[in-house]
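Geometric and topological summary
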Amino acid sequence: SIIGPTLGGFITDHWGWHWVFYVNIPLGILIIFLNIFFFPHIKFSTRKHRIDILGIVALIMTVVPFMLALTMAGVDYKWTSPQIVGLFEFSAVMFFIFLNIEKHVSEPVIPLWIFQNRIVAVSTVVIFLTGFGMFTGIIYIPLFFQGVLGQTATSSGTFLTPMMLGMITGGFLSGQYLSRMGGHYRAQGLAGCGIMAFGTFLLYGMDTGISEAAATIFIVITGFGLGITMPIYTIAVQNAVPYSVMGVATSTTAFFRSIGGLLGMSVVGSLMNNRFATEFTNNLSPQLQAIVPPDQLNQLVNNPQALFSSGALDQLQAQFANFGVQGQTLLNELLRTLKGALSSSLSEVFLISCSVVAVAFFVNFFLKEIPLRTHQ
């Protein structure tokens, strides 16, 4: 997780983006062999179970259309288009069918009664909200360094490393404190969400003039807060449910974290694109509007590749060279406008993330705290 962003950027710069996926094959094979030879073999008592086939199918039919709608909305189709609305409606119908199935089967894939436990319910909400904030940070921090500060894909990925180190440090200290100081997970959750909200607020203040050192400090603070929060709520849920459903409850927390991240990326991505288009159009000088063809302006608005692709930048330079001495000056002005628009739109992303994590902070006050189990 630490070297991944840097390695991915290096591969993209030198080999092409396809190899970002191929490089995982040997790593996956290595992990399989490590599991076979070194993972402890624990034999559990077994009994015959009834697999909730209908519940699994209904859950898949709920999640997949929902994910497709979030992925395509604002990119391939408008949010109000019949395709997106239809996918959301189908997902909602399947969700109610799923709930009805889970109420009547003997061994549901997600026992709904666990959410009657206040600790599980509050922890799930906080996990969903922090997942929203976590994934938006991981996705958009490299975009800021690459698009606004002009770093390469390798360098922009490198700046996620401090965030990962902050997460590891926060998680380690959180676990030590939790086990040694009596298991006060509500206080730690408040601290983690508070630090994470403060870090994302600092990210919100970044602009084109931010130094790399200051941005790195902001990233470390955000990662440290996230590292504190990530294990806390899983432990709280595991401590609150019977041992018979501990596995289900644990996987449910991961599920809601992923759904929160997916929703966050889709919503803030759409808002960022709209803000970017507005900022770029409003701040573009009349001179540039007069000389740049409208179709190319639309292309830059919808996909500002000139900030990321050397090929697109070379094409722009060749085009502006036709304008003589002032061509380079106009090109620099265009790039400054693009960077300013991207910086403003990313600031809005981090502000939304900060607001969501702040809500998670206040939800923490409703988290009931019970002593951690000492044996099973």
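Keep in mind it's a predicted model, so treat the numbers as computed, not measured.

Here we come to the pattern of salt bridges. Per the counting criterion, the structure on display carries two salt bridges. With its nearest N and O atoms 3.1 Å apart, the salt bridge here joins Glu-279 to Arg-275. Here Arg-275 and Glu-279 lie together in helix H11 (residues 246-283), a separation of four residues that amounts to about one turn. Measuring nitrogen to oxygen at the nearest pair gives 3.0 Å for the salt bridge that ties Glu-348 to Arg-275. A residue pair is termed long-range when its members are at least 10 positions apart, and Glu-348 in helix H15 (residues 327-363) and Arg-275 in helix H11 qualify at 73 residues.

What follows covers helix H4 (residues 53-72). Over its 20 residues, H4 runs 29 Å from end to end, which matches the ideal 28 Å to within 8%, given 1.5 Å per residue. Listed as buried for H4 are Gly-55, Ala-58, Leu-59, Thr-62, Val-63, Pro-65, Ala-69 and Leu-70. The arc enclosing the buried residues of H4, seen along the axis, measures out at 165°, which places them on a common side. Close packing links the buried residues of H4 with helix H5 (82-104) and H11. Count one or two residues on from H4 and you reach Gly-74, which has phi positive near 80°.

Glancing now at the packing of aromatic side chains. A ring pair, where both rings are aromatic, is described by two values, the distance of the centres and the angle of the planes. Across all of its chains, the model carries 11 aromatic pairs by this definition. Considering the side-chain rings of Trp-79 and Phe-88, the 6.4 Å spacing of their centres and the 10° angle between planes classify their relative orientation as stacked. Plain terms: the ring middles of Phe-361 and Phe-362 are 5.4 Å apart, the flat faces sit at 85° to each other, and that makes the pair edge-to-face. Of the aromatic side chains, those joined through ring pairs into one cluster are Phe-66, Trp-79 and Phe-88.

Attention shifts here to a nonpolar patch on the surface. Together, Trp-19, Phe-21, Tyr-22, Ile-25, Ile-29, Leu-30, Ile-32, Phe-33, Leu-34, Ile-36, Phe-37 and Phe-38 make up a nonpolar patch on the protein surface, roughly 1,400 Å² of accessible area in all. Where the nonpolar patch is concerned, the elements lending two or more residues are helix H2 (19-22) and helix H3 (24-38). Examining the composition of the nonpolar patch, we find that nine residues originate from one element, H3, more than from any other. Locating Tyr-22 in the fold gives a position in helix H2.

This paragraph deals with the nonpolar core. Residues Tyr-140, Ile-141, Met-206, Phe-280, Phe-320, Leu-334 and Leu-346 are the most contacted members of the largest nonpolar core, which totals 70 residues. Taken together, the elements giving at least two residues each to this core come down to helix H6 (118-147), helix H8 (160-180), helix H9 (185-204), helix H10 (212-240), H11, helix H13 (294-302), helix H14 (310-320) and H15. In terms of residue count, H15 provides more of this core than any other element does, 14 residues in total. Apart from residues no more than four positions distant in its own chain, Ile-141 is found in contact with Thr-136, Leu-160, Met-163, Leu-203, Ile-219 and Phe-350. Counting eight residues, the second-largest nonpolar core is a separate cluster that includes Val-63, Met-94, Ile-110 and Ile-259.

Another aspect to go through is the side chain of Thr-62. Here Thr-62 lies in helix H4. A polar contact of 2.8 Å, which involves the side chain of Thr-62, links it to the backbone oxygen of Ala-58. For Thr-62, the side chain forms a polar contact with the main-chain nitrogen of Phe-95, separated by 3.2 Å. Leaving out residues up to four positions away in the same chain, Thr-62 has contacts with Ser-91, Met-94, Phe-95 and Phe-98.

Relative to each other, H11 and H13 sit at 140°, their axes nearing to 9 Å. On the basis of their axis angle, the class for H11 and H13 is oblique. Taking contact as the criterion, the partners of Phe-276, Ala-277, Phe-280 and Thr-281 in H11 are, on H13, Leu-297, Leu-300 and Val-301. Within the contact of H11 with H13, the residues separate by chemical class into six nonpolar, one polar and no charged.

Turning our attention to the side chain of Gln-188. Mapping Gln-188 onto the fold places it in helix H9. Taking the relative accessible area as the measure of exposure, Gln-188 reaches 6% and is therefore buried. With residues up to four places along the chain from it excluded, the contact list for Gln-188 reads Ser-174, Tyr-177, Leu-178, Ile-228 and Ile-232.

For the rest of this paragraph, the subject is the packing of H6 against H15. At a minimum axis distance of 9 Å, the contact between H6 and H15 shows a crossing angle of 160°. Between H6 and H15, the interaxial angle falls into the category roughly antiparallel. H15 is crossed by H6, and the crossing has left-handed handedness. Class assignment for the residues of the contact of H6 with H15 results in 19 nonpolar, six polar and one charged.

What counts, and at which threshold
Residue indices begin from 1 for each chain and proceed along its sequence in written order. Residues qualify for local features only when their pLDDT is at least 70, as the model is predicted, and side-chain atom pairs are given and counted only at 80 or more; totals for whole chains, interfaces and linings, by contrast, use all residues. Only hydrogens and water are removed before side-chain values are computed, so all heavy atoms of the structure are retained for them. For salt bridges, the criterion is a side-chain nitrogen of Lys or Arg within 4 Å of an Asp or Glu carboxyl oxygen. Here a strand is any run of E in DSSP of at least two residues, a helix any run of H or I of at least four, and the numbering for each starts at the N terminus. Expected span of a helix: the number of residues minus one, times 1.5 Å. In this scheme, a residue with accessible area under 20% of its type's maximum is buried, one over 50% is exposed, and one in between is partly exposed, where area comes from a 1.4 Å probe on protein chains only. Throughout, the arc means that of the directions going from the helix axis to the C-beta atoms. Any pair of residues with heavy atoms lying within 4.5 Å of one another is described as a contacting pair. Pairing of aromatic rings covers Phe, Tyr and Trp, the last counted by its six-membered ring, and requires centre-to-centre distances within 6.5 Å; plane angles under 30 degrees mean stacked, over 60 mean edge-to-face, and any other angle means tilted. Patch members must show over 30% relative accessible area and no salt bridge, and they are joined within 9 Å when carrying like charges or within 5 Å when they are nonpolar side chains of Val, Leu, Ile, Met, Phe, Trp or Tyr. The protein chains shown are the only cover counted for residues, whose accessible areas, like all others here, come from Shrake-Rupley with a 1.4 Å probe. For our purposes a nonpolar core is just a set of buried Ala, Val, Leu, Ile, Met, Phe, Trp, Tyr and Cys residues, chained together by side-chain atoms within 4.5 Å. Distance and chemistry together define a polar contact, namely a pair of N or O atoms within 3.5 Å, with one atom able to donate a hydrogen and the other to accept it when in protein, and with adjacent residues in sequence counting only for side-chain atoms on both sides. Here an angle of 0 to 180 degrees is reported between the N-to-C directions of two axes, which are lines fitted to C-alpha atoms, with helices fitted over the stretch in contact. In what follows, roughly perpendicular refers to angles from 65 to 115 degrees, roughly parallel to angles under 35, roughly antiparallel to angles over 145, and oblique to any angle outside these ranges. Put simply, Ala, Val, Leu, Ile, Met, Phe, Trp, Tyr, Cys and Pro go in the nonpolar bin, Asp, Glu, Lys and Arg in the charged bin, and everything else, Gly too, in the polar bin. Handedness of a helix crossing follows the sense of rotation of the near helix relative to the far helix, less than a right angle counterclockwise being left-handed and clockwise being right-handed.

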